[in-house]
Structure formats: structure tokens, C-alpha cells
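Residue-level listing of the chains:
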2 protein chains.
Amino acid sequence: MKLHEQVRCEGVVVSDQFLRVDGFLNHRIDPTFIEEAGRQLADHFADQSVSHVLTAEAAGNVIAFETARRLGACVVYAKKGHAVTMASPLSRDIVSPTKGTSVTLSLSAEYITPGSRVLIVDDFLYQGTTSAALAGMTQEAGGQVVGFGFVMAKEFAAGRSLLQSFDVPIVTLVSIRSLDAKTGAIDLVGPASS
Amino acid sequence: MKLHEQVRCEGVVVSDQFLRVDGFLNHRIDPTFIEEAGRQLADHFADQSVSHVLTAEAAGNVIAFETARRLGACVVYAKKGHAVTMASPLSRDIVSPTKGTSVTLSLSAEYITPGSRVLIVDDFLYQGTTSAALAGMTQEAGGQVVGFGFVMAKEFAAGRSLLQSFDVPIVTLVSIRSLDAKTGAIDLVGPASS
């Protein structure tokens, strides 16, 4: 598995909770990694008539774009901060489990409407709070959440459980069973969907 | 011109200085617009042996990705904020002319090195301060700036003059001569390079 190999070889274990993927996903971007991940996510949801791929800026932007490009869907990014110029903004305050800081996500309701079939995509599934907020805003706008797609999932955290309440497919391309800060080991399982 | 038409039809003049392009570039993304813009930018720099496409998160991320994907280059995003976990960070404090707030851009020097041939890409050329900061960090890291590429340029502002000091090509796909807040008119000129 190409994606698994790259995560294992180039990911840097920062702690038992955090994996740094700055070398190919979060600071320097390897387009071949993104193309492969986008292709796999698009393939999983090809029969879902996805109209919108929704993510939260900025980490998920590129993977959302590549997935949407292949699905023929458009992308919507929830923006950080309060939306002073946004028409009909929806918003959620969430606490980033990575940074520990609170951030407001804003989404213009003119871009998600009744009839929208929305796939929520991000780089990591961790606690699931951001994705759950995006799903909640989608439903508030009258759209339908058709699934969640993540490049990587920290399976030792609560994210998958939280998102299962939406009762739609959760696709994760690289599932991380554990991170060992002492040895730097990244314990991966195969691709999983639920 | 497809790009010009979309800017003219879907752009919303907010003031004489600001054009809102939330409908296809900055909040909702139209992949066909990004594909066309990325293709045109990549074509302009196809003979420059570009190794890195550099931008500042988050507005430029997707256009930088699409340009890099077509050039066979990798992407590097300068990150907002101080880089606590970044190896060998370079940084610049800049004032956003759009938001009026100060922001620190950080770039890991491990990703731009002597020998890197760097194309700097962004959605808008306005005052040019962000792009000049990216070019300065590239040079500080020992890399070579081979050009600047922008989807849109506000030709009534000082950006082009500022970047001309780097003495490399500046490619702009859609050049905006003026914005009229009273009538909502967007006055475009044809594609321009200098």
C-alpha cells in the first residue's frame, strides 16, 4: 500500500497522540500522495451522487479539492473565524484537540442547500469534533450528509464513535492503531470502512 | 476567456479595493476553474524546471497544488503563526492588506534548500507583501525564485511594482484594472505577463 508506506516512512511521531506529516501532507505537499488519496476517497463514494465535498480550512483543503475534482462535485471550505461578509452564515465553536485552542468555523448557507449531497473530508480523523460540527451545519442548512472520508484515522481516539451517530459510511484510508513516542513506531492497520 | 468570464460574472465587488470570489475560489471552490487556472500557470512556467510551488495558507493552497501537480513539483505552504514544532523555521511578520491584521508566516528551511527552483503562487496579487515575504524566505533558505503566478491581479495596487524588484516573470491570468463599488462593475484587461 503506497499511502501506508509513505505514512510509515515519512510520518514523525511527536507524542502518543500526534503524528507529524509535514513532509508530504501538512506543510510540504506531495501531489502524488494527494492524487492517490483523492482517487481512493472518490472511488469509495462514486455511487453516492456527491454534490459537495465539505472540509474545514486549511488542512483538508487540498484533499477535499482532489476528491471533488474526481467526483465532479464542488468544494466548500468552512472558514475559520467569524464571517463578517458572509451571507447567511452558520457557525460552530469548536476546540481543536491538536492545538487546544477554540476556533469558530463559519459556513455560508448559500452554498449548502436542501438537495445538497455532502461528503465531509479531512486529513485526520482524531476526536471527530470538527467533522461532527461540519455535519451539524450541513444538516442545519438542509443538506444531506452522505459520508465521511479521511486520509488517516487515529483509531485509538473517540472520533469514529462520535461520527457513527450520523449513520453514514466512514471511510479511512490509513488507520493508525497506535503511536509510540518512545520508539517512534507507527502501528498501522489496513484500510477500514464502517 | 473562461477565467475572465467567471470572474466578471460571479465576482462580487465589495469596495473599490475588494472583490469577493467566495462563489468559486475562496469559500466554495469550482474545480473546473482551479484546473483551468492551474493549467495556464503551469504552461507559463513549464520550461523553468520548477521544483517547488510555494504559497501562504490558506487561500493559495489549492491553486498551488493544481499548478504543482501539473509541473511535477511539490508544494510548500508557509504556515500562519509561529512554528513550535517546525525544524529550522524561517518567519516573516506581515500585515494583511485585506484584513488589516498582522500575521506571522513560518516556513521550514528543511523544505526549501539551495538548488530549489521556487515558483510563488497565490490567488490574488494586491499589495504584494505576502509574495515578497515568501520570496525573501526562499532566498534566505538559499533557494532561487523563478517566478510569480497569480490567478487575479489588482493592477491598481502596488503589488506588481513591489515584486518587479525580484527581476523574475510575474504571470497574472486575470488582470483587474478597477473595481467600482457604486455600480458593481469589474473592469478587466486581458491576460498580462511582465
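Here goes a summary of the coordinates provided.

All right, on to the nonpolar core then. Counting 76 residues, the largest nonpolar core has L19, V53 and M152 of chain A together with L19, V53 and M152 of chain B as its most contacted members. With residues up to four places along the chain from it excluded, the contact list for M152 of chain A reads V7, L19, V21, L25, D123, F124, L125, V174 and I176 of chain A.

With that settled, the discussion passes to the pattern of salt bridges. Counted according to the given criterion, the structure contains 20 salt bridges over all chains. Taking the shortest distance from any N to any O, the salt bridge between E35 of chain A and R69 of chain B comes out at 2.7 Å. You can see E35 of chain A sitting in helix 3 (residues 31-44) and its partner R69 of chain B sitting in helix 4 (residues 61-71), one on each of two chains. The exposure class of E35 of chain A is partly exposed, given its relative accessible area of 22%. Relative accessible area serves as the criterion here: at 19%, R69 of chain B is assigned to the buried category. The partner of E66 of chain A in a salt bridge is R69 of chain A, and the shortest N-O contact between them spans 2.9 Å. In this pair, E66 of chain A and R69 of chain A are both assigned in helix 4 (residues 61-71), 3 residues apart and thus about one turn of the helix distant. Each member of the pair, E66 of chain A as well as R69 of chain A, carries the same accessibility label: buried. Salt bridges sharing common partners tie together E35 of chain A together with E66, R69 and R70 of chain B.

A few words on the packing of helix 3 of chain A against helix 4 of chain B. Orientation of helix 3 of chain A relative to helix 4 of chain B, taken along the N-to-C sense of each, is 105 degrees, at an axis distance of 10 Å. Taken as axis vectors, helix 3 of chain A and helix 4 of chain B run roughly perpendicular relative to one another. Facing P31, I34 and E35 of chain A of helix 3 of chain A, the residues of helix 4 of chain B in contact are F65, A68 and R69 of chain B. Of the residues belonging to the contact of helix 3 of chain A with helix 4 of chain B, the class tally is 4 nonpolar, no polar and 2 charged.

What follows is about the interface of chain B and chain A. Facing 32 residues of chain B, the contacting portion of chain A comprises 32 residues. Taken together, the connections running from chain B to chain A amount to 4 salt bridges. Where chain B packs against chain A, one counts 13 residue pairs in polar contact (both at pLDDT 80 or more). Those elements that provide at least two residues to the side of chain B that touches chain A are helix 2 (22-26), strand 3 (28-29), helix 3 (31-44), helix 4, strand 5 (74-80) and strand 7 (102-108) of chain B.

Residue and element names in this part refer to chain B. Checked against the element boundaries, H52 lands in strand 4 (residues 52-56). With a relative accessible area of 9%, H52 lands in the buried category. Of note is the side chain of H52, whose polar atom sits 3.0 Å from the backbone oxygen of Y111. Residue contacts for H52: discarding those within four places in its chain leaves A73, C74, V76, Y111, I112, S116, R117, V118 and L119.

Another point: the packing of aromatic side chains. The full count for this structure, using the stated rule, is 9 aromatic pairs over all chains. Judged by centre distance (5.8 Å) and plane angle (65 degrees), the ring pair of F18 of chain B and Y126 of chain B falls under edge-to-face. Pair noted here: F18 of chain B is in the loop between strand 1 (12-13) and strand 2 (19-20) and Y126 of chain B is in the loop between strand 8 (117-125) and helix 5 (129-140), with a separation of 108 residues, a long-range link. For Y126 of chain B, a relative accessible area of 10% puts it in the buried group. Through a chain of ring-to-ring contacts, three or more aromatic side chains come together here, namely F148, F150 and F166 of chain A. Residue placement shows K154 of chain A over the ring face of Y126 of chain A; its charged tip is 4.3 Å from the ring centre.

A word on helix 4 of chain B. Residues and elements named next belong to chain B. The element helix 4 is largely enclosed, with a buried count of 10 among its 11 residues. Within helix 4, the full set of buried residues consists of N61, V62, I63, A64, F65, E66, T67, A68, R69 and L71. Looking at the residues trailing helix 4, positive phi occurs at G72, about 70 degrees.

As a further point, take the pairing of strand 8 (residues 117-125) of chain A. Residue and element names in this part refer to chain A. Most of strand 8 sits inside the fold, with 8 of its 9 residues counted as buried. With 3 bridges joining them, strand 4 (residues 52-56) and strand 8 adopt parallel strand pairing. Following the sheet pairing, H52 is matched in strand 8 by V118. One ladder, built from 8 bridges, connects strand 8 with strand 9 (residues 144-154); its direction is parallel.

The transformation that overlays chain B on chain A combines an axial shift of 0.0 Å with a rotation of 180 degrees, and the residual RMSD is 0.0 Å. Those values place the two copies in the arrangement expected of a two-fold rotation axis. Both copies present the same face, since 100% of the interface residues in chain B are matched by interface residues at the equivalent positions in chain A.

Reading the values: the criteria
Residues numbered from 1 in each chain as written. Chains lettered and ligands numbered in written order. Predicted model: local features only at pLDDT ≥ 70, side-chain atom pairs only at ≥ 80, totals over all residues. Heavy atoms only, no water. Core = buried A, V, L, I, M, F, W, Y, C linked by side-chain atoms within 4.5 Å. Buried < 20%, exposed > 50% of the residue type's maximum accessible area, 1.4 Å probe, protein only. Contact = heavy atoms within 4.5 Å. Salt bridge = Lys/Arg side-chain N within 4 Å of Asp/Glu carboxyl O. Helix = DSSP H or I, 4+ residues; strand = E, 2+ residues; numbered from the N terminus. Axes fitted to C-alpha atoms, helices over the stretch in contact; angles between N-to-C directions. Parallel < 35°, antiparallel > 145°, perpendicular 65-115°, else oblique. Nonpolar A, V, L, I, M, F, W, Y, C, P; charged D, E, K, R; others polar. Polar contact = N/O pair within 3.5 Å; in protein donor to acceptor, adjacent residues only side chain to side chain. Phe/Tyr/Trp six-rings, centres within 6.5 Å; stacked < 30°, edge-to-face > 60°. Lys NZ or Arg CZ within 6 Å of the ring centre and 35° of its normal. Pairing = 2+ DSSP bridges. Least-squares fit on C-alpha atoms with pLDDT ≥ 70 in both.

Purely geometric stuff here, so don't read any function into it on its own.
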